[in-house]
Amino acid sequence: MIKYEKVIFVCTGNTCRSPMAATIYCSLETNSDIKVISRGLVVLFSEPSNPKAETVLKSHNLELGGHISKPLKQSDIDENTLILTMTEKQKLSIMELFEYTDNVYTIKEFVGETGDVTDPYGGTLLDYEECYVELARLVKKTVYKLNEEEQL
Ligand SMILES: N[C@@H](Cc1ccc(OP(=O)(O)O)cc1)C(=O)O
């Protein structure tokens, strides 16, 4: 059983889905000291998080805390890193572009579901809220799974 030391949530721009997922994760009780970060695959320049993502998180009493988008780099990853992407396409890109990617899954795949977490980019506040609700469910399942694995 792998003991993960780090979880990286990955999306495209690192301004919405993966920072929301990392923020939700950090707000939950976990039994471990796994480090949690978020990164993007297409980050051409540093940007703050999406204001609609911030508004939605605030309405759930969560804060992104001055998040600035960052690209995924090889130096972020080692053999004890769990990488959770939002889409199958992102997962395949990571497997192609990086080393130490035995532990890369889409977040839905990791928790026994199928499909992608779609991008609310350019959508309404309600689209962002729906994305939050989906991520909150998936991240909770991720934490349960990691906690179970810790106890084995
Ligand atoms: N940064 C991209 C656009 C982009 C931004 C955010 C985004 O959503 P997420 O951060 O959830 O991947 C997706 C794409 C661009 O400039 O084209």
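Owing to the predicted nature of the structure, the values given are computational and were not obtained by experimental measurement.

(A) Representation of the pairing of strand S1 (residues 6-11) within the structure. Along S1, six of the six residues are buried, which leaves the element largely enclosed by surrounding structure. Side chains Lys6, Ile8 and Val10 of S1 all project onto a buried face; the interleaved residues Val7, Phe9 and Cys11 project onto the opposite face, where all are buried too. Direction of pairing for S1 relative to strand S2 (residues 35-40): parallel, over a ladder of six bridges. Bridging across to S2, Phe9 finds its partner in Ser38. In terms of handedness, the path from S1 via helix H1 (residues 17-27) over to S2 forms a crossover that is right-handed. Alignment of S1 against strand S3 (residues 81-85), held across five bridges, turns out to be parallel.

(B) Structural detail: the side chain of Thr106. Mapped onto the secondary structure, Thr106 falls in strand S4 (residues 104-106). Residues contacting Thr106, with those up to four places away along its chain left out, are Leu84, Thr85, Thr87, Glu88, Lys91 and Gly115.

(C) The site of the ligand, seen in detail. As a matter of local geometry, the ligand sits amid Cys11, Thr12, Gly13, Asn14, Thr15, Cys16, Arg17, Val42, Glu47, Asp119 and Tyr121. Interatomic distance of 3.0 Å between a backbone N/O atom of Cys16 and an oxygen atom of the ligand. Within the side chain of Asp119, a nitrogen or oxygen atom sits 3.2 Å from an oxygen atom of the ligand. Tallied by class, residues from the shell around the ligand come to four nonpolar, four polar and three charged.

(D) How the structure looks around the packing of aromatic side chains. Following the criterion strictly, the structure yields two aromatic pairs and no others. For the pair Tyr105 and Phe110, a centre-to-centre distance of 5.4 Å together with 50 degrees between the ring planes defines the contact as tilted. Under the relative-accessibility criterion, Phe110 is labelled buried at 5%. In this structure, Lys145 packs its charged tip against the face of Phe110, placed 4.4 Å from the ring centre.

(E) Layout of the confidence of the model for the protein chain. In the predicted model, the protein chain carries a mean pLDDT of 95, and 97% of its residues have values of at least 70. The complex prediction reports pTM at 0.95, with the ipTM value standing at 0.88.

(F) Local environment of a nonpolar patch on the surface. The grouping of Val42, Leu44 and Phe45 at the surface amounts to a nonpolar patch, some 370 Å² of accessible area in total. The topology assignment puts Leu44 in the loop between S2 and helix H2 (51-59).

(G) Representation of unusual backbone geometry within the structure. Non-glycine residue Asn14 carries a positive phi angle of around 55 degrees. Given a relative accessible area of 0%, Asn14 falls into the buried group. Phi is positive for Asn61, which is not a glycine, with a value near 60 degrees. Positionally, Asn61 belongs in the loop between H2 and S3. Judged by its relative accessible area of 72%, Asn61 falls in the exposed class.

(H) Region of interest: the sheet that holds S1. Strand order in the open sheet formed by four strands is S2-S1-S3-S4, and the pairing between neighbours is parallel. Of all strands in the sheet, those with a lone pairing partner are S2 and S4, marking the two edges. Across this sheet, the average inter-strand angle for adjacent strands is 25 degrees, counted without regard to direction. Of the pairings in the sheet, the one linking S3 to S4 comprises three bridges and is parallel in character. Bridge assignment links Ile83 to a residue of S4, and that residue is Val104. On top of the sheet, helix H3 (residues 88-97) reaches S1, S3 and S4; it is set at about 170 degrees to S4, its chief contact.

Definitions and cut-offs
Residues numbered from 1 in each chain as written. Predicted model: local features only at pLDDT ≥ 70, side-chain atom pairs only at ≥ 80, totals over all residues. Heavy atoms only, no water. Buried < 20%, exposed > 50% of the residue type's maximum accessible area, 1.4 Å probe, protein only. Helix = DSSP H or I, 4+ residues; strand = E, 2+ residues; numbered from the N terminus. Pairing = 2+ DSSP bridges. Right-handed = clockwise from strand over helix to strand, strands pointing away. Contact = heavy atoms within 4.5 Å. Near = heavy atom within 4 Å. Polar contact = N/O pair within 3.5 Å; in protein donor to acceptor, adjacent residues only side chain to side chain. Nonpolar A, V, L, I, M, F, W, Y, C, P; charged D, E, K, R; others polar. Phe/Tyr/Trp six-rings, centres within 6.5 Å; stacked < 30°, edge-to-face > 60°. Lys NZ or Arg CZ within 6 Å of the ring centre and 35° of its normal. pLDDT = per-residue confidence, 0-100. Patch = residues over 30% accessible without salt bridge, like charges linked within 9 Å, V, L, I, M, F, W, Y side chains within 5 Å. Areas by Shrake-Rupley, 256 points an atom, 1.4 Å probe, with all protein chains shown as cover. Salt bridge = Lys/Arg side-chain N within 4 Å of Asp/Glu carboxyl O. Axes fitted to C-alpha atoms, helices over the stretch in contact; angles between N-to-C directions.

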